Every structure is written in structure tokens, then in C-alpha cells.
Amino acid sequence: MNVLVVDDDFMVAKLHSRYVSATPGFRVAGVAHSGAEALRAAERVRPDLVLLDIYLPDMDGLTVLRELRAAEERDATRGSVDALFITAARDADLVRAALRAGALHYLIKPFNQAALQEQLRHVAALRYRFDRLGEARQEDVDLIFGTRPPGSRELPKGLAAHTAELVVRVLREHGGDLSASECAEAGSLSRVSARRYLEYFVETGRVEVTLRYGGTGRPERRYRLVGAR
């Protein structure tokens, strides 16, 4: 996923770019330090996601996002860009305005790498799910309009948070796709237990599944964290 980083502070933009580059499936397509630069860069690189500061020297980040939306309406061939606000602005009216402008989330500085990466994975999970939807179910709608990433949702009865975290860690550390048996072995779990957690993450959009066809029998299901390549 291509990301445009927008922040007037050069060092902060560099730091956020490093966080993005360290997240599997994401790359920094451009960096801008003003609203005008951001609009020109968005036209040039056509990012999937923009990390936007509120405070910019020439216009605020809200105006930048509105201009990006207007450009999308004028050009039907231009893909829709998602936006995460990353700012020190704490005014509740600004947070409300960001949501109304179509931002997916609003991170208040300072924050650590894990906080940004969690939101990046959330964006990837949303895109993966909705790119494949023909008709939305209520859980799909709840996911896009909710305020929590899928990994922070309350687990269904019978699933434990520490085991869910273990399964995610196994997938992340492996980097590629795994079968339920391979995940179970790596995490010292039963195959049945690993399969339950993996299928839950598939349902919530955090994990994608592919089929590997062998010589005989049913195809093997292979699981990979969304955004990991």
C-alpha cells in the first residue's frame, strides 16, 4: 500500500516514514511538508493512504483532505484515498471535523511505532475486506464505522486474548503464509485450536486465506496476515 506522509516538521515526517516502511505491505510513496506540496504529491503518486497533520504552514490538513475528495469527484479514474490524521491538535471540534471529512482515524502526538502500525494494519484489513465485498453484512458495516481496529474487538466466547495474540505473533514472525498445522506447531497449540483462531481472524479481516491444491484430497488452507508480503 502506497502512503503519502504529510507533516511540516521534517524530522517528524522522517520518523513517521520510518514507521511506515517498517510495516509489512506498506511503502512511503512521497513526503510533503505543506498543503500545496501534499496536493501536488497526491496528484503525482496517487497514494492509497495519506498521513495528514492538521497544522501545516499554508492550509490545514482538513482543507487538504477536502481538496483531495473534490479531486476524486472531478476525476472518475482517480482512486479513492484513505486518510489518517496524525497531529498534536486535541480540540474535540477538530476531531469531529476530521471524522466528518472522511478520516479513518485520528492519532494524537506523541505516540509510539506500535500505535501507528496498528492503525496501518487496520486500514489494510478494511481495504482487503471491502475490495472483496459485493454486499455488506452488518459486521462489515460495524468494522468500517467502528472506532476500534479488529484486533482490539472483544473475542467471541471460547477464544482467549493471549492465545489470539500468540497466533498473530506466529503469523507475523513467519512473514509468509502458514497452514493451521504449521501455525499450531510453531505456537505449541492443537491444530483444532489454531484453526479456530485463524478462521476468526479471516472473518474479521485481519488474516487472508488462500487455497493450495495438491495431488489428491481437499485443498490446503493457507493463512497470512493482511498486508504481509
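Note that the structure is predicted; figures quoted are calculated from it, not measured.

Cut-off values and rules
- Residue numbers restart at each chain and count upward from 1, following the sequence in its written direction.
- Since the coordinates come from a predicted model, pLDDT governs what is reported: local features require at least 70, and pairs of side-chain atoms require 80 or more to be given and counted, while whole-chain, interface and lining totals use all residues.
- In computing side-chain properties, one takes all heavy atoms of the structure into account and sets aside hydrogens as well as water.
- Numbered from the N terminus, helices here are DSSP runs of H or I no shorter than four residues, and strands are runs of E no shorter than two.
- Any residue under 20% of the maximum accessible area for its type is buried, any over 50% is exposed, and the rest in between are partly exposed; the area is computed with a 1.4 Å probe on protein chains only.
- The criterion used for residue contact is that any of the two residues' heavy atoms lie within 4.5 Å.
- In short, Shrake-Rupley with a 1.4 Å probe defines the accessible areas, and a residue's cover is counted only from the protein chains shown.
- Planes of paired rings set the category: under 30 degrees apart is stacked, over 60 is edge-to-face and the rest tilted, where pairs are Phe, Tyr or Trp rings (Trp by its six-membered ring) whose centres lie within 6.5 Å.
- To get an axis, a line is fitted to the C-alpha atoms, and for a helix only the part in contact is used. The angle between two axes follows their N-to-C directions and goes from 0 to 180 degrees.
- By the definition adopted for this analysis, an angle is roughly parallel if under 35 degrees, roughly antiparallel if over 145, roughly perpendicular if from 65 to 115, and oblique otherwise.
- In this scheme the crossing of two helices becomes right-handed for a clockwise turn of the near helix relative to the far one and left-handed for an anticlockwise turn of less than a right angle.
- Residue classes follow a fixed rule: Ala, Val, Leu, Ile, Met, Phe, Trp, Tyr, Cys and Pro count as nonpolar, while Asp, Glu, Lys and Arg count as charged, and any other residue, Gly among them, counts as polar.
- Paired strands, in this sense, are two strands between which DSSP finds at least two bridges.
- Each helix should span, by expectation, one fewer than its residue count multiplied by 1.5 Å.
- Whenever a nitrogen or oxygen atom comes within 3.5 Å of another N or O atom, the pair is scored as a polar contact, on the condition that within protein one atom can donate a hydrogen and the other can accept it, and that pairs from neighbouring residues in sequence are kept only if both atoms are in side chains.

1. Thoughts on the overall build of the chain
A count of helical and extended segments in the chain gives nine helices and seven strands. Taken over 229 residues, the chain has a buried fraction of 45%. A separation of at least 24 residues holds for 60% of the contacts in the chain among residues at least 6 apart in sequence. With an accessible surface of roughly 12300 Å², the chain has 50% of that area assigned to carbon and sulfur atoms.

2. With respect to the packing of aromatic side chains
This structure, assessed with the given rule, holds two aromatic pairs. Relative to tyrosine 106, the ring of phenylalanine 85 lies with its centre 6.2 Å away and its plane at 35°, an arrangement referred to as tilted. Of this pair, phenylalanine 85 sits in strand S4 (residues 82-87) while tyrosine 106 sits in strand S5 (residues 105-108), placing them 21 residues apart in sequence. Looking at phenylalanine 85, the relative accessible area reads 0%, which means it is buried. Plain terms: the ring middles of tyrosine 200 and phenylalanine 201 are 5.5 Å apart, the flat faces sit at 55° to each other, and that makes the pair tilted. Across the pair, phenylalanine 201 and tyrosine 200 agree in class, each one buried.

3. Considerations on the packing of helix H2 (residues 35-45) against helix H3 (residues 61-74)
Packing of H2 against H3 leaves a shortest axis separation of 10 Å and a crossing angle of 25°. Between H2 and H3, the angle falls in the class roughly parallel. Regarding H2 and H3, the two cross each other, and that crossing is right-handed. Contacts between H2 and H3 involve Gly35, Ala38, Leu39 and Ala42 on the former and, on the latter, Val64, Glu67 and Leu68. Here the residues of the contact of H2 with H3 sort into five nonpolar, one polar and one charged.

4. Considering the sheet that holds S5
Sheets are built from strands paired through backbone hydrogen bonds, the pairs being either parallel or antiparallel. The strand order across the open sheet formed by five strands is S2-S1-S3-S4-S5, and the pairing between neighbours is parallel. For this open sheet the edge positions go to strand S2 (27-32) and S5, each flanked by a neighbour on one side alone. On average, each strand axis in the sheet is inclined to that of its neighbour by 20°, with strand direction left out of account. Across the sheet, H2 touches strand S1 (2-6) and S2, and the angle it forms with S1 is around 170°. Each of strand S3 (49-52), S4 and S5 touches helix H5 (residues 113-131); the most contacted strand, S4, lies at about 165° to it.

5. Quick word on H5
A rise of 1.5 Å per residue sets the reference length of H5, with its 19 residues, at 27 Å; its end C-alpha atoms lie 27 Å apart and thus fit the reference within 8%. Buried residues of H5: Leu116, Gln117, Gln119, Leu120, His122, Val123, Ala124, Ala125, Leu126, Arg127, Tyr128 and Arg129, and no others. N-capping of H5 is provided by asparagine 112, with a side-chain oxygen placed 3.3 Å from the backbone N of alanine 114.

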